[in-house]
There are 2 protein chains.
Amino acid sequence: MAVVTAPKQDRSRATRQRLLEAAVACLAERGWAGSTVSVVAEKAGVSRGAAQHHFPTREDLFTAAVEYVAEERSSALRALPGHHIAAVVGAIVDLYTGPLFRAALHLWVAASNEEQLRARVTELEARVGRESHRIAVELLHADETRPGVREIVQGFLDMARGLGLANLLTDDTVRRDKVVAQWAQVLEAALGTRG
Amino acid sequence: MAVVTAPKQDRSRATRQRLLEAAVACLAERGWAGSTVSVVAEKAGVSRGAAQHHFPTREDLFTAAVEYVAEERSSALRALPGHHIAAVVGAIVDLYTGPLFRAALHLWVAASNEEQLRARVTELEARVGRESHRIAVELLHADETRPGVREIVQGFLDMARGLGLANLLTDDTVRRDKVVAQWAQVLEAALGTRG
């Protein structure tokens, strides 16, 4: 039996993964109003029935998608080679300016007006936020036992989120690069990693 | 004639203002999908015809509304008594956590998926962004002739925007107050207003 079920499980996992990736892309491109299970199933090349087997509701699919992609990005970030502060700051800010942030933003805004989504997205956001904070502390070698360091890291992640928002309607790369270069220095001094 | 038309103009201006305020409240509470000229007219106690006389399209009404309220807030900010840095930082961050920011956020996200809105909101955003920057520079007594100061003020406004986003789904006041207190010190040191 094991010989027969293993490939089935693999196929099922691959299908789930294709659906999650298509769901994030769909949310980033079309927003919540344009994102349905059918649209995502078609985009992923999966039947609507198979999609609904994996994700019974629209809320299930899109919250799972944002969580899955956030985990993928966290792993990539943890694997970052070298820990020079400017590179770390740049890599963290990059997380907030790509399609994942765009997808998450659509989900947050939709959740602020839809009761069904609200509780789930709030809970997801808290989990993803804690994980981002943990990774930032680790990569920045921040010593949270020192007073104020926790808030400094949090404020930096708030800035990254704001930079993501500024990139929503126009390509903000040129301005952002200058802001990030300057704030990497400020952050370094504030964290006392050299001072 | 002047005696007759003056009160008419006043009434017209008052109607316009009621519509703009109702439009921002509507956008903040219901999002773009739930915001139409009819809904706003009813909320403002104005006939649909009168509303359409002032604002022929939905896009006209909501972009004008966000601009009007942003101008109101800018004036309030300029009139801020005393210029202690912690108070200034707190007042600027407050601008990004209230109903105006919520309304603007809904408009930005809708504009990212709707061609008709995109150009207008992008242009509005640039104007409001420049004005916020100018006010922040003034209130913080930041000397933009010094290298890096411009980017430091920009990054702070990005942080304020990120703090606004973090307040969308839950009341983030307690965490935010600590972050703002800490970053006011960092900003003060970075701007060299005392150092």
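No experiment lies behind these values; they were computed from the predicted model shown.

Quick notes on the rules
Residues numbered from 1 in each chain as written. Chains lettered and ligands numbered in written order. Predicted model: local features only at pLDDT ≥ 70, side-chain atom pairs only at ≥ 80, totals over all residues. Heavy atoms only, no water. Contact = heavy atoms within 4.5 Å. Buried area = accessible area lost by both parts, 1.4 Å probe. Salt bridge = Lys/Arg side-chain N within 4 Å of Asp/Glu carboxyl O. Helix = DSSP H or I, 4+ residues; strand = E, 2+ residues; numbered from the N terminus. Expected span 1.5 Å × (residues − 1). Buried < 20%, exposed > 50% of the residue type's maximum accessible area, 1.4 Å probe, protein only. UniProt positions renumbered as here; feature names shortened; annotations may be inferred. Least-squares fit on C-alpha atoms with pLDDT ≥ 70 in both. Phe/Tyr/Trp six-rings, centres within 6.5 Å; stacked < 30°, edge-to-face > 60°.

Draft legend 1. Structural detail: the interface of chain A and chain B. Taken together, the contact pairs 39 residues of chain A with 39 residues of chain B. Summed over both sides, the interface between chain A and chain B buries roughly 3200 Å², with carbon and sulfur atoms accounting for 69% of that surface. In terms of surface lost to chain B, no three residues of chain A exceed Leu165, Leu169 and Trp183 of chain A, which account for 21% of the buried area on that side. The interface formed by chain A and chain B contains two salt bridges. For Asp158 of chain B, the salt bridge identified is with Arg175 of chain A, shortest N-O distance 2.9 Å.

Draft legend 2. Molecular detail of helix α9 (residues 173–191) of chain B. Between the first and last C-alpha of α9 of chain B there are 26 Å, a value that for 19 residues agrees with the 27 Å anticipated at 1.5 Å per step. Residues of α9 of chain B that are buried include every one of Arg176, Val179, Val180, Gln182, Trp183, Ala184, Val186, Leu187, Glu188, Ala190 and Leu191 of chain B, and no others. Buried-residue contacts for α9 of chain B involve α8 (149–166) and α9 (173–191) of chain A together with α5 (85–95) and α8 (149–166) of chain B. Residue Gly192 of chain B follows α9 of chain B closely and has a positive phi angle near 65 degrees.

Draft legend 3. Focus on the UniProt feature "domain: HTH tetR-type" (unreviewed entry) in chain A. When the UniProt feature table is mapped onto this chain numbering, "domain: HTH tetR-type" (unreviewed entry) sits at residues 13–73 of chain A. Between the C-alpha atoms that bound residues 13–73 of chain A the distance is 19 Å, and the span itself is 80% helix and 0% strand.

Draft legend 4. The arrangement of the pattern of salt bridges in detail. Residue and element names in this part refer to chain A. Per the counting criterion, the structure on display carries 24 salt bridges over all chains. Of the charged contacts, one joins Asp158 and Arg161 as a salt bridge, the two residues approaching to 2.7 Å between their closest N and O atoms. You can see Asp158 and its partner Arg161 sitting in helix α8, three residues apart, about one turn around the helix. Just as Asp158 is buried, Arg161 falls in that class too. Judged by its relative accessible area of 0%, Asp158 is buried. Sharing partners across several salt bridges, the network here consists of Arg78, Glu131, Arg134 and Glu138.

Draft legend 5. A look at the relation of the copies chain A and chain B. Overlaying chain A with chain B gives an RMSD of 0.0 Å, the required rotation being 180 degrees about an axis along which the chain moves by 0.0 Å. Such a combination of turn and shift is consistent with a two-fold rotation axis.

Draft legend 6. Geometry of unusual backbone geometry. Residues and elements named next belong to chain A. Positive phi values are uncommon outside glycine, yet His141 reaches one of about 50 degrees. Residue position: His141 is located in the loop between α7 (115–139) and α8. For His141, a relative accessible area of 54% corresponds to the exposed category.

Draft legend 7. Up close: the packing of aromatic side chains. In total, this model carries seven aromatic pairs over all chains according to the counting rule given. On the basis of an interplanar angle of 55 degrees and a centroid distance of 5.3 Å, the ring pair of Trp183 of chain A and Trp183 of chain B is categorised as tilted. Remark: Trp183 of chain B occurs in helix α9 and Trp183 of chain A occurs in helix α9; the pair is interchain, linking two chains. There is no split in this pair, since Trp183 of chain A and Trp183 of chain B are both buried.

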